[in-house]
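# Working through the structure, step by step
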Amino acid sequence: NRPCTGFSTGTDGELLRLIESKGYEEWQRMVLLLIDEMYIKEDIVYNKHTGRIVGFTDLGDVNNHLLRLENSATGEEPLQTPAKTMLAFMIRGLCTNLEYPYVQFPCSILKADLMYRPTTEAIYRLERLGLKVLGITADGASVNRRLITLLAGDKSQLVYKVANPYTKENRHIHMFSDPPHLLKTIRNCLSNKKRQLLCKCKEIKWAHIEELYFKDKGVQTETPGLALVPKLTLEHTSLGSFAKMRVDLAAQVMSQSVDKAIPIVVGPAAERTAQLIEVVDRLFDCLNVTSYTEGKRKRKPSKDPYISSKDWRLRMRPCESFVTGCRKTGRWGTGLPSPRARLLGCWRRV
């Protein structure tokens, strides 16, 4: 089948044949639904294979009718607009190496209420094919957090799971914020010099990481050729618009090597900055366990495999107490969230 937008019985049939050919047992049919929005080149082209003009927004028949109704109610001319982004749904097996790009929708302005029906229909179709949707993963954008609230129908508390209405089993769908996006959010909030945190009378500042770079291997170094943090470069400390999107740069800054080097190079004034980096590094190691031997090989217990429901990593209260112990310092604009509020928001999603 040729790629197309929206749900397709052909795609469902292809996915069903793939599952049957692999002979998956019941426990191997557990999957995650990944949702992501990607920017695309805005253009209108003619598809010679289907005879259709593609490039316009298309969020499904129901959403398209709702958008036309909204435009007619506001007096706007109901013209089709070129798509600027692509909303993609992907399937990832929990106990297998199944990776399948399931469906995509071209859109221009994405709202949570427009994402609701494609998300629920994707869950329904996958359950009908015999797969078990146990979770939904997306980045921490506000539209995705709003979608989780709509799926749960409860705004009074933090929502991390909803009942699956398309199965007879007593099963829930768990909501996950994508850890790499949360890691970038923490790094970007820390790198904004207008935002500062204070913990136990000591500041948490991005300037400490910049000082580490310049003293360790920059112009202020006293030992040319020797560095405690060899992977740290100017690109890590002077973040441009593209560097802020790179997960690898965020992971290398919020790492154990930077945590150990800051007290040695910068001094006691950067103690809380090093502690924050240690907490974030240990936390994301717990969420990135991919091997049985990596924890021993890298001497990091937080990367050991999970073998018990009483694992110490499932009760990381010291991390929570450190984050809640941070408080803001300085003046902030009216209605703007403080760095502590943003940090707590990331912690709650983690």
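Here the structure is a predicted model, which is why all the values come from computation and not from measurement.

Parameters and conventions
- Residues numbered from 1 in each chain as written.
- Predicted model: local features only at pLDDT ≥ 70, side-chain atom pairs only at ≥ 80, totals over all residues.
- Heavy atoms only, no water.
- Patch = residues over 30% accessible without salt bridge, like charges linked within 9 Å, V, L, I, M, F, W, Y side chains within 5 Å.
- Areas by Shrake-Rupley, 256 points an atom, 1.4 Å probe, with all protein chains shown as cover.
- Salt bridge = Lys/Arg side-chain N within 4 Å of Asp/Glu carboxyl O.
- Helix = DSSP H or I, 4+ residues; strand = E, 2+ residues; numbered from the N terminus.
- Buried < 20%, exposed > 50% of the residue type's maximum accessible area, 1.4 Å probe, protein only.
- Pairing = 2+ DSSP bridges.
- Axes fitted to C-alpha atoms, helices over the stretch in contact; angles between N-to-C directions.
- pLDDT = per-residue confidence, 0-100.
- Contact = heavy atoms within 4.5 Å.
- Phe/Tyr/Trp six-rings, centres within 6.5 Å; stacked < 30°, edge-to-face > 60°.

### A closer look at a nonpolar patch on the surface
A surface patch of nonpolar side chains, amounting to about 320 Å² of accessible area, comprises Ile44, Tyr46 and Ile53. With respect to the element layout, Ile53 can be found in strand β3 (residues 52-54). The class of Ile53 is exposed, set by a relative accessible area of 52%.

### Focus: the sheet that holds strand β7 (residues 161-163)
Within the open sheet, the six strands sit side by side as β5-β4-β1-β6-β8-β7. Their pairing is mixed. With one partner strand each, in any of the chains shown, β5 (99-107) and β7 form the two edges of the open sheet. Neighbouring strand axes in the sheet, compared pairwise and without regard to direction, differ in orientation by 20° on average. Where strand β1 (residues 30-39) and strand β6 (residues 132-138) come together, five bridges link them in parallel fashion. Within β6, the position partnered with Leu32 by the bridge is Gly135.

### Focus: the pattern of salt bridges
Summed over the entire model, instances satisfying the criterion amount to 18 salt bridges. For Arg92, the salt bridge goes to Glu99, with nearest N and O atoms at 3.3 Å. Its relative accessible area of 31% is what places Arg92 among the partly exposed residues. Overlapping salt bridges, with partners in common, bring together Glu26, Glu127, Lys132, Glu169 and Arg171 in one network.

### What to know about the confidence of the model for the protein chain
Here the protein chain averages 82 in pLDDT, and 82% of its residues register 70 or above. Segment residues 330-336: pLDDT under 50, and four contacts once partners within four positions in sequence are set aside and those in other chains are kept.

### Considerations on the side chain of Asp12
Relative to the elements of secondary structure, Asp12 occurs in helix α1 (residues 9-22). Every residue in contact with Asp12, bar those within four places of it in the chain, is listed here: Tyr102, Arg125, Arg128 and Leu129.

### What about the packing of aromatic side chains?
As enumerated under the stated definition, the model contains five aromatic pairs in all. Centroid distance Phe89 to Phe105: 6.2 Å. Interplanar angle 85°. Geometry classified as edge-to-face. Here Phe89, found in strand β4 (residues 85-93), pairs with Phe105, found in strand β5; they are 16 residues apart in sequence, far enough to count as distant. Ring centres of Tyr213 and Phe214 lie 5.2 Å apart, and the angle between their planes is 65°; on these two criteria the pair is classed as edge-to-face. What makes Phe214 partly exposed here is its relative accessible area of 30%.

### Topic: the pairing of β5
When β4 meets β5, the two strands line up antiparallel, connected through eight bridges. Its bridge partner lying in β5, Ile91 is registered against Tyr100. Between β4 and β5, which pair antiparallel in sequence order, lie five residues.

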